[in-house]
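So you can see what is in the structure, the chains are spelled out below.
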Amino acid sequence: MSETTHGSAVAMSAAPSPDDGLSAAELAKKYGLSVSGARPSLPEYARQLWDRRHFILAFSRAKMTAQYSKAKLGQLWHVATPLLNAMVYLLIFGVLMQQSKGMGMGTYIPFLVTGVFVFTFTQSSALSGVRAIAGNLGLVRALHFPRAALPISFALQQLQQLLFSMCVVFVFLVGFGHMPALSWLMIVPVLVLQFVFNTGLSLVLARLGSKTPDLAQLLPFILRTWMYASGVMYNMVEALKKTHAPGWVIDVLGANPAAVYIDLMRYSLIDGYGSSHLPPHVWLLAVGWAALVGLGGFVYFWKAEEQYGRG
């Protein structure tokens, strides 16, 4: 240590710090520091989500309750909205365009209502998922939690709405002579697979929507096209055959995930909607879409975990 004297003042030079020359990464390692919001490993990320399962469930219930809190009919709009859509489609496609010809109104109306409610499940999951991060930036920036909890909770909210709406579907089925049968039990695995698919789709759109907010404006047009290509209002395979569409077009449209889950639900619930209306290997397609989009969407979302809420 050196010292110099200038008048009555004495200056002493400080001893060199043991941290001099260390990089930021070396300093962090030395003192056990980690990057705030750093992405955990995939198994750890899944564990964190499981630990917050009560938050995910409570958040989905709160969103469901608040959605129509200012409307006089309240939660009845969860059922009324797809039901009104079904009535419009019935007038246009069933009455004016005669799509009910060949199956009769007693089958066509349950056919239509089932298709509308099941597709609305996927449609609503996609629309809420694309805004899951971009629409909740305050929450994302204020609290530390796995960001996947948001799109998952929105998909869970849509599942709860569908389960509530299924009571109306059952009324239509029984009212038109389609009585409960053992085949109705198949709706459980169908809904589970569709929920996994919807959750993966919601995760993919949540990541895309967090960087491109305009996607939320474009998505309704994409979903409307998807709806018409999924046979919600009519028997798509029969309609394509009448137009002499190539076989590969029929196979591709019949194997799209929305059509697969709708066909399986109709096959489970509607008498006379036999296996001839299902695409080949339909259960393999249902499981494959759920695995591909569900697991793939989870990994895709996880890879950008550090980016959400920044910039």
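Look up a bit, the structure's there.
The structure reproduced in this document is the subject of the present report.

What counts as what
- Residues numbered from 1 in each chain as written.
- Predicted model: local features only at pLDDT ≥ 70, side-chain atom pairs only at ≥ 80, totals over all residues.
- Heavy atoms only, no water.
- Helix = DSSP H or I, 4+ residues; strand = E, 2+ residues; numbered from the N terminus.
- Buried < 20%, exposed > 50% of the residue type's maximum accessible area, 1.4 Å probe, protein only.
- Contact = heavy atoms within 4.5 Å.
- Areas by Shrake-Rupley, 256 points an atom, 1.4 Å probe, with all protein chains shown as cover.
- Expected span 1.5 Å × (residues − 1).
- Salt bridge = Lys/Arg side-chain N within 4 Å of Asp/Glu carboxyl O.
- Patch = residues over 30% accessible without salt bridge, like charges linked within 9 Å, V, L, I, M, F, W, Y side chains within 5 Å.
- Phe/Tyr/Trp six-rings, centres within 6.5 Å; stacked < 30°, edge-to-face > 60°.
- Core = buried A, V, L, I, M, F, W, Y, C linked by side-chain atoms within 4.5 Å.
- Axes fitted to C-alpha atoms, helices over the stretch in contact; angles between N-to-C directions.
- Parallel < 35°, antiparallel > 145°, perpendicular 65-115°, else oblique.
- Nonpolar A, V, L, I, M, F, W, Y, C, P; charged D, E, K, R; others polar.

Brief notes about the overall build of the protein
Here is step 1: Per the secondary structure count, the protein includes 13 helices and two strands.
Here is step 2: Sorting the 311 residues of the protein into buried and exposed places 42% on the buried side.
Here is step 3: Long-range contacts, defined here as pairs at least 24 residues apart, represent 75% of the contacts in the protein between residues at least 6 apart.
Here is step 4: Surface accessibility of the protein: about 16700 Å² in total, with carbon and sulfur atoms responsible for 67%.

Some details on helix α13 (residues 282-302)
Here is step 1: Taking 1.5 Å of rise per residue, the 21 residues of α13 would be expected to cover 30 Å, and the 30 Å separating its terminal C-alpha atoms lies within 8% of that figure.
Here is step 2: Packing partners of the buried residues in α13 comprise α2 (42-51), α7 (149-175), α8 (187-211) and α12 (257-269).

What to know about the pattern of salt bridges
Here is step 1: Enumeration according to the criterion identifies two salt bridges in this entry.
Here is step 2: Among the ionic pairs, E44 bridges to R47, the shortest N-O distance being 2.6 Å. Here E44 pairs with R47, and both are found in helix α2, just three residues apart, close to one helical turn.
Here is step 3: Residue class for R47 comes out partly exposed when judged on its relative accessible area of 41%.
Here is step 4: Each of E44, R47 and D51 takes part in one network of salt bridges that share partners.

Describing the side chain of T199
Here is step 1: Here T199 shows up in helix α8.
Here is step 2: Since its relative accessible area comes to 11%, T199 is described here as buried.
Here is step 3: Residues in contact with T199, not counting those within four places in the same chain, are I152 and A155.

Topic: a nonpolar patch on the surface
Here is step 1: A cluster of nonpolar side chains, namely V88, L91, I92, V95, L96, M97 and M105, defines an oily patch on the protein surface of about 610 Å² accessible area.
Here is step 2: Counting residues per element, the nonpolar patch draws most heavily on helix α4 (residues 77-96), which supplies five residues.
Here is step 3: A relative accessible area of 61% means that L96 is categorised as exposed.

A few points about the packing of aromatic side chains
Here is step 1: With the rule as written, the count across this model stands at eleven aromatic pairs.
Here is step 2: On the numbers, 5.9 Å between centres and 50° between planes, the contact of F111 with Y273 is tilted. Remark: Y273 occurs in the loop between α12 and α13 and F111 occurs in helix α5 (residues 105-130); sequence separation between them is 162 residues.
Here is step 3: Consider the rings of F119 and W226, whose centres lie 5.9 Å apart with planes at 80°: the pair is edge-to-face. Note that F119 is positioned in helix α5 and W226 in helix α9 (residues 215-228), a separation of 107 residues in sequence.

Topic: the nonpolar core
The nonpolar side chains of a soluble globular protein tend to be buried, and buried together.
Here is step 1: Counting residues in hydrophobic clusters, the biggest one holds 80 residues, and the most contacted among them are L49, M233, L269 and F301.
Here is step 2: The residues touching L49, leaving out its near neighbours within four places in the chain, are I56, P146, A148, A149, I152 and F298.

What about the packing of α2 against α13?
Here is step 1: α13 packs onto α2 with a crossing angle of 100° between their chain directions and a minimal axis gap of 11 Å. With respect to each other, α2 and α13 are oriented roughly perpendicular. Along the contact surface, α2 presents L42, Y45, A46 and L49, while α13 presents F298, V299, F301 and W302.
Here is step 2: Class assignment of the residues belonging to the contact of α2 with α13 gives a composition of eight nonpolar, no polar and no charged.

Concerning unusual backbone geometry
Here is step 1: If you check the backbone angles, H244 has positive phi at about 60° while not being a glycine.
Here is step 2: Within the secondary structure, H244 is located in the loop between α10 (236-242) and α11 (247-254).
Here is step 3: Residue H244 is classed as exposed on the basis of its relative accessible area of 70%.
Here is step 4: Non-glycine residue H281 carries a positive phi angle of around 55°.
Here is step 5: Tracing the backbone shows H281 in the loop between α12 and α13.
Here is step 6: Looking at H281, the relative accessible area reads 63%, which means it is exposed.

Structural notes on the side chain of S60
Here is step 1: Inspection of the secondary structure puts S60 in helix α3 (residues 53-67).
Here is step 2: Excluding anything up to four places from it in sequence, S60 contacts S153, L156, Q157 and Q160.

As for the environment of G177
Here is step 1: Take G177: it is sitting in the loop between α7 and α8.
Here is step 2: Judged by relative accessible area, G177 falls into the partly exposed class, the value being 43%.
Here is step 3: Taking the C-alpha atoms as reference points, G177 and T107, 70 residues apart in sequence, are found 8.8 Å from one another.

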